Amino acid sequence: MKKIFLTLLFGLMTTVAANAQFEQGKLYANAGLSGLDLNYNANSKWNLGLSAKVGYMFVDDWMVLADAVWNVRHEVPNDFRLGAGVRYYIEQNGLYLGAGARYKHEHEYDDFMPNVNIGYAFFLSRTVTIEPELYYDFSMKDFKEYSGFGLRVGVGIYLDELF
């Protein structure tokens with residue numbers, strides 16, 4: 001009985017701590033990896049993506065994001081992407097849904113790529129998370145060759161407002 005009580009108490013404390021992070025005014029920073037053959041599009045073989053995101057909770061559960069992604073690929077030119085988007089957090093369990101758009105630049109190729117994603121913010125502490133995320137990028141220039149999906153894993157930091 002004591003173990004059950006302690007487990008429930010720990011679960012309640014974790015839920016309260018996680019919910020507190022999705023409040024208006026929080027700042028967010030994330031660094032992540034994607035690729036490593038955990039993504040697919042018709043144009044790439046091996047791929048390693050490095051990403052950085054910054055965000056701001058403009059209201060409870062809603063975040064606006066800016067991101068940069070650099071993809072290193074085998075047999076095709078590397079690419080660089082800059083983008084913006086929004087993310088909605090489901091407070092009860094840490095899941096989030098996101099949407100955005102990126103400008104992609106590759107050697108002599110430019111594209112506009114809307115994207116969607118779903119992920120989970122797993123809190124290691126009150127401010128640090130591990131965030132696995134599934135994503136899909138839509139290519140507006142060549143849907144068949146450059147659209148693709150993948151898995152990205154990042155480390156996020158949620159901070160109180162600095163201002």
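Above this note sits the structure.
This section reports on the structure supplied with the text.

### Some remarks on the nonpolar core
Where a protein is soluble and globular, its nonpolar side chains tend to be buried together. By size, the foremost hydrophobic cluster in this structure holds ten residues: F22, Y28, M57, M63, L65, Y89, Y96, A121, F123 and Y158. Residues within four places of Y96 in sequence aside, it is in contact with R87, Y88, Y89, N117, I118, G119, Y120, A121, E131, P132 and E133.

### Focus on the side chain of S139
Among the secondary structure elements, S139 is positioned in the loop between β8 (128-137) and α2 (143-146). Within polar-contact distance, the side chain of S139 engages the backbone nitrogen of K141 at 3.4 Å. Of note is the side chain of S139, whose polar atom sits 3.1 Å from the backbone nitrogen of D142. Ignoring sequence-local partners within four residues, the contact set of S139 consists of Y109, D111, F112, M113, Y146 and S147.

### Quick word on unusual backbone geometry
Unlike most non-glycine residues, D61 shows phi in positive territory, near 75°. On the basis of relative accessibility, which here comes to 13%, the residue D61 falls in the buried class. For E108, which is not glycine, the phi torsion reads 55° and is therefore positive. Looking at the element boundaries, E108 is found in the loop between β5 (95-106) and β6 (109-120). The class of E108 is exposed, set by a relative accessible area of 75%.

### Details of the pattern of salt bridges
Scanning the entire structure with this criterion turns up ten salt bridges. As a salt-bridge pair, R102 and D67 come within 2.5 Å of each other at their nearest N and O atoms. Remark: D67 occurs in strand β3 (residues 62-73) and R102 occurs in strand β5; sequence separation between them is 35 residues. Since its relative accessible area comes to 5%, R102 is described here as buried. Salt-bridge contacts for E131 lead to R87; the nearest nitrogen and oxygen are separated by 3.6 Å. With a gap of 44 residues between them, E131 in strand β8 and R87 in strand β4 (residues 79-90) connect regions that are remote in the sequence.

### Considerations on the packing of aromatic side chains
Tallied over the full model, the rule gives ten aromatic pairs. Ring geometry for F22 versus F123: centroids 5.9 Å apart, planes at 65°, classification edge-to-face. Here the residue F22 occupies a position in the loop between α1 (2-20) and β1 (27-40), and F123 occupies one in strand β7 (residues 122-123), the gap between them amounting to 101 residues. For F123, a relative accessible area of 13% gives the class buried. Between Y28 and Y158, the aromatic rings sit 5.0 Å apart at their centres with planes inclined by 55°, giving tilted as the arrangement.

### Things to note about the pairing of strand β2 (residues 47-59)
Bridge count for β2 against β3 is twelve bridges, and the pairing is antiparallel. Counted as the bridge partner of M57 is M63 from β3. Count of turn residues in the β2/β3 antiparallel hairpin: two residues, of which D61 carries a positive phi of about 75°.

### Description of the pairing of β6
Residues of β6 alternate between two faces, with Y109, D111, M113, N115, N117 and G119 buried on one and D110, F112, P114, V116, I118 and Y120 left unburied on the opposite face. In this structure, β5 lies alongside β6, joined through twelve bridges in antiparallel fashion. Considered in β6, the bridge of L95 is made with Y120. Both β6 and β8 contribute to a ladder of five bridges, which runs antiparallel. Bridge assignment links N115 to a residue of β8, and that residue is D137.

Rules behind the numbers
- Residues numbered from 1 in each chain as written.
- Predicted model: local features only at pLDDT ≥ 70, side-chain atom pairs only at ≥ 80, totals over all residues.
- Heavy atoms only, no water.
- Core = buried A, V, L, I, M, F, W, Y, C linked by side-chain atoms within 4.5 Å.
- Buried < 20%, exposed > 50% of the residue type's maximum accessible area, 1.4 Å probe, protein only.
- Contact = heavy atoms within 4.5 Å.
- Helix = DSSP H or I, 4+ residues; strand = E, 2+ residues; numbered from the N terminus.
- Polar contact = N/O pair within 3.5 Å; in protein donor to acceptor, adjacent residues only side chain to side chain.
- Salt bridge = Lys/Arg side-chain N within 4 Å of Asp/Glu carboxyl O.
- Phe/Tyr/Trp six-rings, centres within 6.5 Å; stacked < 30°, edge-to-face > 60°.
- Pairing = 2+ DSSP bridges.

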